[in-house]
Amino acid sequence: MSGACGGTIAEIRSLVSSGQASAVEICRAHLQRARDVEPRVKAFRALLEESALSQAETIDRDRREGRPLGPLAGVPIAVKDVLCTRGVPTTCGSLILRNFVPVYDATCVARLRQAGAVIVGKTNMDEFAMGSSTENSAYEKTCNPWALDRVPGGSSGGSAAAVAAGEVPASLGSDTGGSIRQPAAFCGIPGMKPTYGRVSRYGLVAFASSLDQVGPLGLTVEDVARVLQVIAGHDPLDSTSAPLPVPDYLAALGKGARGLRIGVPKEYFRSGLDPEVETAVRSGLKIAERLGARLEEISLPHTEYAIPTYYIIATAEASSNLARYDGVRYGHRAHDVHQMGPLYVRTRTEGFGSEVKRRVMLGTYVLSAGYYDAYYLKGQKVRTLIRQDFERAFEKLDAIVTPTSPTPAFRFGEKVDDPLAMYLSDIFTVTLNLAGLPGMSIPCGLTRDHLPVGMQIIGRRFDEEMVLRLGAALEGEIKFGARRPSLDGTS
Ligand code: GLN
């Protein structure tokens, strides 16, 4: 069988539904591709060959017996290892959850399965999704398929690399401050963080609950739309998921960019922005103009406070969410400790990596008596100002476009020992999490070193349709999809 591997969701779905290829053949081809490239890319924490093939067999049986096929029937999908998968280890990239096997599926995983998707594996990530390079995984280092000596971005680095390397057409990631969009940008694929509340967080292991969202990465904007269609929507098991109808996202794709009003915030094009990134994003903006959109320079004046605000709120919430890893209920437990206090200390000292410890300490500090008002409360107030910046701008705009990340993919080791430098790579993405807005990165060019550059399209709350519509229009002109990484290069 040919054509299935490297194909889009629409292509795979039509091969399966017409019977030109079986779901089992498609699954085998993708598993084979993964076996071939994993020694170089290391996107997966675990490949689920047996269960994937048995899911694929079920799809084939349904087809033979004339049962209706779901919208993702036979489509291989990878899932970030922060999403609970029933009976399958879910490590969150951490030693503390090395042996943790959930007894239930996250809602988005259950919805993928119901739609006929074949879950082929769990992808590598920064420990508890804290990081921007996947170097904070307690396990392997995932490599960028475009340059194997560079990071794939993070924290959903495995999910982005798996798609870029042709191992799966789409994957799920999670995004608390950029963790879907930044690795999508680094790996040259589209990836979307939906509006806070659009996708259920049930079964997503919590990092910072007021910022976390699950979202899709794919080979094309259409694939992102197809996965979003399946995972979006209200879930009674997540009280923060919005009880709103889910629009037909595919219908939004063909509408073009004519007449759209696009804001270009000047604060996102300041010093610190790599000139090659700026050139690629500006050429994407010119294409939008050529397609009939109107560009307007705008100001989002509180942007400069976004990084400190994010790192106060995210660490505060993380310190409270991660208190559950006490060695008692689940996960790692230190051996031969017989008192409660020392058990907590030893378990957490052994189980958490240094970035997680740093965040728990920072978060505990900003929440502690005497500092709460100065940091956490102040952070919440500035968060409101940042949200209001966007609300004001969107009064007369359809979308806002920015670079996704100030630089292209950096080299291993370049930032990992300098937390501040690493935190600054989130400067253009954390604002959306603070404001709860949807955003998608799409590839808009390559640097001289052949590294992908991403541009970020931001929409109003719950207006993923506009983000997808503009993304699809630009993608059609930028034609980045024809360029694929060779998987043997360094830079
Ligand atoms: N890189 C950011 C952080 O380290 C964002 C992570 C994320 O979105 N999960 O917090």
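Everything quoted here is computed from the prediction, not taken from an experiment.

K.L.:
Got a sec to walk through the packing of aromatic side chains? Specific residues and values, please.
P.N.:
With the rule as written, the count across this model stands at 15 aromatic pairs. Seen in terms of ring centroids, Y325 and Y330 are 6.2 Å apart; in terms of plane orientation they differ by 65 degrees. Their pairing is edge-to-face. Judged by relative accessible area, which is 31%, Y330 ranks as partly exposed. An aromatic cluster is present here, built from F100, F128, Y325, Y330 and F352 joined pairwise through their rings. In this structure, R282 packs its charged tip against the face of F269, placed 4.3 Å from the ring centre. The ring centre of F410 lies 4.5 Å from the NZ or CZ of K415, which sits over that ring.

K.L.:
Describe the site of the ligand, naming the residues involved and giving the relevant values.
P.N.:
As a matter of local geometry, the ligand sits amid 15 residues, with T176, G177, S179, Y310 and R359 nearest to it. Between the ligand and the protein, one listed contact pairs an oxygen atom with a backbone N or O atom of G131 at 2.9 Å. Side-chain polar atom of Y310 to an oxygen atom of the ligand: 2.6 Å apart, as the coordinates give it. Compared with its free state, where it exposes 290 Å², the ligand has 100% of that area covered by protein. Partitioned by chemical class, the residues of the shell around the ligand number 5 nonpolar, 7 polar and 3 charged.

K.L.:
Tell me about the packing of helix α9 (residues 275–290) against helix α16 (residues 464–478), residues and numbers included.
P.N.:
Running from amino to carboxyl end, α9 crosses α16 at an angle of 105 degrees, the nearest separation of the two axes being 10 Å. Of the possible angle classes, the one that applies to α9 and α16 is roughly perpendicular. Every residue of α16 that contacts α9 at G284, I287, A288 and R290 is listed here: L474, E477 and I478. Class assignment for the residues of the contact of α9 with α16 results in 4 nonpolar, 1 polar and 2 charged.

K.L.:
So what's going on with the pairing of strand β9 (residues 399–403)? Residues and values would help.
P.N.:
Within β9, 5 of the 5 residues are buried, which leaves it mostly tucked inside the rest of the structure. Pairing between strand β7 (residues 261–265) and β9: 2 bridges, direction parallel. Its bridge partner lying in β9, G263 is registered against I400. One ladder, built from 4 bridges, connects β9 with strand β11 (residues 452–458); its direction is antiparallel. The residue of β11 that forms the bridge with V401 is I457.

K.L.:
Which residues make up the pairing of strand β6 (residues 213–218), and what values do they have?
P.N.:
Here β6 lies mainly inside the structure; 6 of its 6 residues are buried. Both faces of β6 are covered, namely the face carrying Q213, G215 and L217 and the face carrying V214, P216 and G218. Here strand β4 (residues 170–175) pairs with β6 via 6 bridges, running antiparallel. Its bridge partner being in β6, A170 is matched across the sheet by G218.

K.L.:
Report on unusual backbone geometry, specifying residues and quantitative values.
P.N.:
Cis geometry marks the peptide bond from G154 to S155; its omega dihedral reads 10 degrees. Mapped onto the secondary structure, S155 falls in the loop between β3 (118–123) and α5 (157–164). In this model, F128 sits at a positive phi of 50 degrees, which is unusual for a non-glycine residue. By secondary structure assignment, the location of F128 is in the loop between β3 and α5. On the basis of relative accessibility, which here comes to 2%, the residue F128 falls in the buried class. One non-glycine residue with positive phi stands out, namely H450, at about 65 degrees. With respect to the helices and strands, the residue H450 is situated in the loop between β10 (439–446) and β11. Judged by relative accessible area, which is 48%, H450 ranks as partly exposed.

Cut-offs and rules
- Residues numbered from 1 in each chain as written.
- Predicted model: local features only at pLDDT ≥ 70, side-chain atom pairs only at ≥ 80, totals over all residues.
- Heavy atoms only, no water.
- Phe/Tyr/Trp six-rings, centres within 6.5 Å; stacked < 30°, edge-to-face > 60°.
- Buried < 20%, exposed > 50% of the residue type's maximum accessible area, 1.4 Å probe, protein only.
- Lys NZ or Arg CZ within 6 Å of the ring centre and 35° of its normal.
- Near = heavy atom within 4 Å.
- Polar contact = N/O pair within 3.5 Å; in protein donor to acceptor, adjacent residues only side chain to side chain.
- Areas by Shrake-Rupley, 256 points an atom, 1.4 Å probe, with all protein chains shown as cover.
- Nonpolar A, V, L, I, M, F, W, Y, C, P; charged D, E, K, R; others polar.
- Axes fitted to C-alpha atoms, helices over the stretch in contact; angles between N-to-C directions.
- Helix = DSSP H or I, 4+ residues; strand = E, 2+ residues; numbered from the N terminus.
- Parallel < 35°, antiparallel > 145°, perpendicular 65-115°, else oblique.
- Contact = heavy atoms within 4.5 Å.
- Pairing = 2+ DSSP bridges.

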